[in-house]
Amino acid sequence: MSTARNIVPELAMPDPVVSPSASPVGTGPSPVSLIEASLPVCDWWRLHWMDASHPMIRLHQAWMASLVEAAQLEVEFLSVCTLANSRVASCLADPWALRKPADLARCCQDAAREVVDAQEARLDRVTQLPKEFRQRLWEEIC
């Protein structure tokens, strides 16, 4: 049978640190708690720990900025696809355009040309992302 269920969690507070030469309560300097006494050491450690992690944080920020740009490119491409799709749907819903196959073909070709142009621009921009990422990393390193 497990005894883990019988354990009662208690809030553990450190005992105050009292110097051996401390006088009785009320007649001298007040005792300093362990937490208060260790604050300077904790602050010193935190500052030096953060100094060591700054390069990693900057590299992480550069990486995240590149990811945001890539996501923005995808959103722009998807918005062009959505507009082209709605344009084709409106052409297909127009009874006058359905009677003229040339108009319907031109509408579909225009929408397809928009998507192709957006895809070409997207691919051009995506090929530049690694160069920009390397440049960001280099700027953060130097």
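What you are looking at is a predicted structure, and each value in this text was computed from that prediction instead of being measured. (Residues numbered from 1 in each chain as written. Predicted model: local features only at pLDDT ≥ 70, side-chain atom pairs only at ≥ 80, totals over all residues. Heavy atoms only, no water.)

*Asks:* Explain the pattern of salt bridges here, please?
*Replies:* Overall, the coordinates contain six salt bridges when judged by the stated rule. Of the charged contacts in the structure, one is a salt bridge between Glu-69 and Arg-125, with a shortest N-O distance of 3.1 Å. Pair noted here: Glu-69 is in helix α1 (residues 34–93) and Arg-125 is in helix α3 (residues 101–141), with a separation of 56 residues, a long-range link. A relative accessible area of 16% means that Glu-69 is categorised as buried. The exposure class assigned to Arg-125 is partly exposed, which follows from its relative accessible area of 26%. Between Arg-125 and Glu-132 there is a salt bridge, with its nearest N and O atoms 2.7 Å apart. (Salt bridge = Lys/Arg side-chain N within 4 Å of Asp/Glu carboxyl O. Helix = DSSP H or I, 4+ residues; strand = E, 2+ residues; numbered from the N terminus. Buried < 20%, exposed > 50% of the residue type's maximum accessible area, 1.4 Å probe, protein only.)

*Asks:* What exactly am I supposed to notice about the environment of Asn-85 here?
*Replies:* Inspection of the secondary structure puts Asn-85 in helix α1. When the C-alpha positions of Asn-85 and Ala-111 are compared, they lie 7.3 Å apart, and in sequence the two are 26 residues distant.

*Asks:* I would appreciate a short explanation of the state of the cysteines in the present structure.
*Replies:* Linking two cysteines covalently through their sulfur atoms gives a disulfide. Throughout the structure, instances matching the rule amount to one disulfide. One disulfide bridge connects Cys-91 with Cys-107, the sulfur atoms lying 1.8 Å from each other. Looking down the S-S bond of the Cys-91 and Cys-107 bridge, the torsion is 85°, so its handedness is right-handed. With Cys-91 in helix α1 and Cys-107 in helix α3, this residue pair connects regions lying 16 residues apart in the sequence. The exposure class assigned to Cys-91 is buried, which follows from its relative accessible area of 15%. (Disulfide = S-S within 2.5 Å.)

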